[in-house]
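# Coordinate inspection notes
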Amino acid sequence: MLEEWQTSWKNGDTGRKIYNIMPSVSLRPTNWIREDVIFFSHHGPFPAYLKRFRLSDSDYCSCGGIGTALHYATECIFTVSWHMRKPVPNFEEEWLKRVANNLVSRHKMRRIVKFISKNRDLFRPP
């Protein structure tokens, strides 16, 4: 059953952002909390996600950038207190793995997600 699950996970079309961080299935629970899932799946209060699912007319953050998880973690003026170094183009996947495995980065990321969730109006485009 575990082998079948692994094959399905490896060859699936969904969850690829999480797959790139956790390529192996396991019966052991992860130490991820809600904010981790939101950030690493990119499913949450991010304008880019909301527009993708037609829950918003715009994918822009109120600061003018495209409102993605990476935007908030690296360049948005509203989250500058928790910024991390922006990954070099084509290395976002590796950057996400490093953030997932670095406790300090994970704490920053969790604070960003909590801040965005509590202050949604601040991040909506004008």
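Along each chain, the written sequence defines residue order, and numbers are assigned to residues from 1. Given that this is a predicted model, residues contribute local features only at a pLDDT of at least 70 and side-chain atom pairs are listed and counted only at 80 or more, while totals for whole chains, interfaces and linings are drawn from all residues. To get the side-chain values, all heavy atoms of the structure are used, and hydrogens and water are removed first.

Looking at an unreviewed UniProt entry, the protein carries the name Reverse transcriptase zinc-binding domain-containing protein, with the source organism given as Araneus ventricosus.

## Thoughts on the packing of helix 3 (residues 34-41) against helix 7 (residues 103-118)
Note the threshold: Inter-axis angles, ranging from 0 to 180 degrees, are taken between N-to-C directions of lines fitted to C-alpha atoms, where helices are fitted over the stretch in contact. Numbering of helices and strands runs from the N terminus; a helix is a DSSP stretch of H or I covering at least four residues, while a strand is a stretch of E covering at least two. The cut-offs work like this: below 35 degrees is roughly parallel, past 145 is roughly antiparallel, 65 to 115 is roughly perpendicular, and the gaps in between are oblique. Whether two residues are in contact is decided by their heavy atoms, any of which lying within 4.5 Å being enough.
Where helix 3 contacts helix 7, the two axes come as close as 9 Å, and the packing angle between them is 90°. The angle between the axes of helix 3 and helix 7 places the two elements in the roughly perpendicular class. Contacts from Arg34, Glu35, Asp36, Ile38, Phe39 and Phe40 of helix 3 reach helix 7 at Arg106, Met109, Arg110, Val113, Lys114 and Ser117.

## Re the pattern of salt bridges
Side chains that differ in sign of charge can pair as their charged atoms come close. Counted only if it meets this: Whenever Lys or Arg places a side-chain nitrogen within 4 Å of a carboxyl oxygen from Asp or Glu, that contact is recorded as a salt bridge. Per-residue accessibility, obtained with a 1.4 Å probe over protein chains only, is compared with the maximum for each type, and a residue is labelled buried under 20%, exposed over 50%, and partly exposed between these values.
In this structure the tally under the stated criterion is four salt bridges. Its salt-bridge partner being Asp36, residue Arg106 comes within 2.9 Å of it at the nearest N-O pair. Of this pair, Arg106 sits in helix 7 while Asp36 sits in helix 3, and the two are 70 residues apart along the sequence. Taken individually, Arg106 and Asp36 each receive the classification buried, so the pair is uniform in this respect. Across the salt bridge formed by Glu75 and Lys86, the nearest N and O atoms sit 3.1 Å from each other. Separated by 11 residues along the polypeptide, Glu75 in the loop between helix 5 (69-74) and helix 6 (92-100) and Lys86 in the loop between helix 5 and helix 6 bring together distant segments of the chain. Residue classification places Glu75 among the partly exposed residues on the basis of a relative accessible area of 40%. Since its relative accessible area comes to 45%, Lys86 is described here as partly exposed. Residues participating in the shared-partner salt-bridge network are Asp36, Arg106 and Arg110.

## Considering a nonpolar patch on the surface
The condition is simple: Patch definition: residues above 30% relative accessible area lacking any salt bridge, with like charges linked at up to 9 Å and the nonpolar side chains Val, Leu, Ile, Met, Phe, Trp and Tyr linked at up to 5 Å. All accessibility values rest on the Shrake-Rupley procedure with a 1.4 Å probe; residue burial counts only the protein chains present in the view.
Side chains of Leu2, Trp5 and Leu27 sit close together on the surface and give an oily, nonpolar patch of about 350 Å² of accessible area. Summarising the element assignment, Leu27 is placed in the loop between helix 2 (16-21) and helix 3.

## A word on helix 7
Which entries qualify depends on this criterion: Multiplying one less than the number of residues by 1.5 Å gives the expected span of a helix. This arc describes the spread of directions from the helix axis toward the C-beta atoms.
In this model helix 7 runs 23 Å from its N-terminal to its C-terminal C-alpha over 16 residues, within 8% of the 22 Å that 1.5 Å per residue would give. Of the positions making up helix 7, those classed as buried are Ser105, Arg106, Met109, Arg110, Ile112, Val113 and Ile116. Looking down the long axis of helix 7, one finds its buried residues gathered within 160° of arc, a one-sided arrangement. Counted as exposed and oriented over 90 degrees from the buried face of helix 7: Leu103, Val104 and Lys118. In this structure, the buried residues of helix 7 make contact with helix 3, helix 5, helix 6 and helix 8 (120-123).

## With respect to the state of the cysteines
Heads up, the condition is: Two cysteine sulfur atoms form a disulfide, by the criterion used here, when they sit within 2.5 Å.
Scanning the entire structure with this criterion turns up zero disulfides. A disulfide-free cysteine, Cys61 has its sulfur positioned 3.6 Å from the sulfur of Cys63, the nearest such atom. Classification of Cys61 as buried rests on a relative accessible area of 2%. Cys76 forms no disulfide, and the closest cysteine sulfur to it belongs to Cys61, at a distance of 3.7 Å. The class for Cys76 is buried, based on a relative accessible area of 0%.

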